Amino acid sequence: MEVTLGGITLRNPVVLAAGTSGVVGEIGDAIDLRKLGAITTKSITVEPRMGNQPLRMADLPKGMINAIGLANGGIDDFATNYAQKCKNIKTTLIGSIAGDSIESYVQVATAMHDIKGIDLIEVNVSCPNTSDGLEFGSCPVKLAELLREIKPALQSTPMIVKLSAACGDIRPHANVAIESGADALTLINTIPAMGIDVKTKTPLITRGIGGLSGPAIHPIAVRVVHEVYRDVAKNAKIPIIGTGGILHWEDAAEFILAGATAVGIGTASFINPTISIKVAKKLSAWVKRQGCSSITELVGQVH
Ligand SMILES: Cc1cc2nc3c(=O)[nH]c(=O)nc-3n(C[C@H](O)[C@H](O)[C@H](O)COP(=O)(O)O)c2cc1C
C-alpha cells in the first residue's frame, strides 16, 4: 500500500485533507494516525486570521458548505505552539500554506520549511472562502510567478500544489504548476456554492456563498483527476492526491483508477473520524483482490 509523493514514502495512500483534522492532527485524539498515509495541517498564513463571521458551516444532504475563511493563528503561533506536535506526529505530515501575496506565501513557506517533522508542503491556491484565496490559483501566469518564488524557499522539501475545480478547465493550471516545480498536485478544493433556508429566506451561512464539499462534489473531482492525469500529470510522472467526497472505499478506488496516486479525505471525518482508517483498510483488501502486489499498479487503470 506504500505510495511515493515527491520522494517521500507514505505507508498507504490515505491522506487527511487540509483544514479537516485540526491544526496539526488533533483528530489523533480519536483515531490512530499510524494507520494513515499522511495528514495535512490547517492552511497557515503569515498573519493570524479570524476567518469569516459565524455561521460558517452548514450540513447538506450530500455534503456540507463551509466558509471558515482560513481562520488560523498565523505562522508565529504555529512555530511556537505546534512545532513539538509536528515533530512527534506518528505519520507523514504535510504542512499547508496560504497567503495574499507572493511575499506572504514565501514568508510562510520559509518558516514552515524550518519546522522539523513537516515532510511535504502543500501550497493552497484554491480557497473559495476569502477574497484572496483563488487569486493565484485561477490565473496560470500568476500561479507560475508565485510557485517559482516558493519553490527555492522550500529547498529540498517537496512542493504539492492544491488546485480548484472552480476555475473551469484546470489542465493549463496543472501544467504550469508542474513546470514551476510542483512535485505533486492535490485536486480538488471545495467548490463555491450556496444554500438558502426557505423559512427565513436567508443563506445557510452568514457569508452567503461558501465551499461545497463531501459526496456532492465527488464525481466532479473524479473527472478533474482523470483529465489532469491523462493529459498532463501522467507524462510528467507527477502524482495526484485525489480529494473530494470520499465516504466509502469505492470512492477512493475510483480516484486511483482515474489516475490518483493518493487520496484525500475531509468532510467524511466530520461524520465519523474513523472513516479514513476504514477506507485505508478496505482499499488494501481491494488491491489484494485485484491480484496486485502494489496499489500503484492500479493508478489510472480506468478503461
Ligand atoms: C471545514 C473545512 C475546512 C477546510 N479548510 C481547508 C484549508 O484550511 N485548506 C485547504 O487547502 N483546504 C481546506 N478545506 C478543503 C478540504 O481540504 C478538501 O479539499 C475539500 O473539503 C474536499 O474534500 P472532502 O469532500 O473530502 O471534504 C476545508 C474543508 C472543510 C470542509
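Since the model is a prediction, treat every value here as computed from it, not as a measurement. (Residues numbered from 1 in each chain as written. Predicted model: local features only at pLDDT ≥ 70, side-chain atom pairs only at ≥ 80, totals over all residues.)

Participant: Even after reading the chapter, I still don't get the overall build of the chain, so can you show me in this structure?
Facilitator: Within the chain, the secondary structure is distributed over 9 helices and 16 strands. Taken over C-alpha atoms, the radius of gyration comes to 18 Å for the chain, in line with the 19 Å a tight globule of 303 residues would show. Its C-alpha atoms give the chain principal-axis dimensions of roughly 50 × 50 × 40 Å. A buried classification covers 52% of the 303 residues belonging to the chain. Sequence separation of at least 24 residues holds for 72% of the intrachain contacts in the chain that already meet a minimum separation of 6. (Helix = DSSP H or I, 4+ residues; strand = E, 2+ residues; numbered from the N terminus. Rg over C-alpha atoms; globule rule 2.2 N^0.38 Å. Buried ≥ 20, exposed ≤ 12 C-beta atoms within 10 Å, placed from the backbone. Contact = placed C-beta atoms within 7 Å.)

Participant: Before we go on, may I ask you to explain the sheet that holds strand β5 (residues 57-60) in this structure?
Facilitator: Strand pairing within a sheet occurs via backbone hydrogen bonds; the two strands may be parallel or antiparallel. Taking strand neighbours across the sheet as the criterion, the 4 strands line up as β5-β6-β14-β11 in an open arrangement whose pairing is antiparallel. Strand pairing shows two members of the sheet lacking a second neighbour, β5 and β11 (191-194), which therefore form its edges. Strand-to-strand, the axes of this sheet are offset by a mean angle of 40°, without reference to chain direction. Bridge analysis of β11 against strand β14 (residues 209-213) gives 4 bridges, and the strand direction is antiparallel. Across the sheet, the residue bridging to Pro-192 is Gly-211, located in β14. (Pairing = 2+ DSSP bridges. Axes fitted to C-alpha atoms, helices over the stretch in contact; angles between N-to-C directions.)

Participant: I would appreciate a short explanation of the nonpolar core in the present structure.
Facilitator: Looking at soluble globular proteins, one finds that nonpolar side chains tend to be buried together. If you look at the biggest cluster of nonpolar residues, it comprises 99 residues, and the most contacted ones within it are Leu-185, Val-225 and Val-228. Top contributing element to this core by residue count: helix α6 (residues 218-236), with 8 residues. (Core = buried A, V, L, I, M, F, W, Y, C linked by C-beta atoms within 7 Å.)

Participant: Where do I start with unusual backbone geometry in this structure?
Facilitator: Where the residue is not glycine, phi is negative for most of them; where a peptide bond is considered, it is trans in most cases. Cis rather than trans, the peptide bond between Pro-54 and Leu-55 has omega equal to -10°. Tracing the sequence through the fold places Leu-55 in the loop between β4 (38-40) and β5. Residue Ile-188 is bonded to the preceding Leu-187 through a cis peptide linkage, with omega at 20°. Among the structural elements, Ile-188 can be located in the loop between β10 (184-187) and β11. Despite not being glycine, Leu-70 shows a phi value in the positive range, around 55°. Checked against the element boundaries, Leu-70 lands in the loop between β6 (63-66) and α1 (74-81). In this structure, Gln-155 takes a positive phi of about 50° despite not being glycine. Topologically, Gln-155 is positioned in the loop between α4 (140-154) and β9 (159-163).

Participant: What am I meant to see in the sheet that holds strand β8 (residues 120-124) here?
Facilitator: The strand order around the closed barrel built from 8 strands is β3-β4-β7-β8-β9-β10-β15-β16, with neighbouring strands paired in parallel fashion. For this sheet, the mean inter-axis angle between neighbouring strands, taken without regard to orientation, is 25°. Across 4 bridges, the pairing between β8 and β9 is parallel. Bridge pairing in β9 places Val-123 opposite Val-161. Against the sheet, α6 contacts β10 and β15 (240-243), and its axis sits at roughly 165° relative to β15.

Participant: Which parts of the structure should I look at to understand the site of the ligand?
Facilitator: The environment of the ligand is made up of 26 residues, and the closest members are Ala-17, Gly-19, Ser-213, Gly-266 and Thr-267. For the shell around the ligand, the per-class residue count stands at 9 nonpolar, 15 polar and 2 charged. (Near = placed C-beta within 6 Å. Nonpolar A, V, L, I, M, F, W, Y, C, P; charged D, E, K, R; others polar.)

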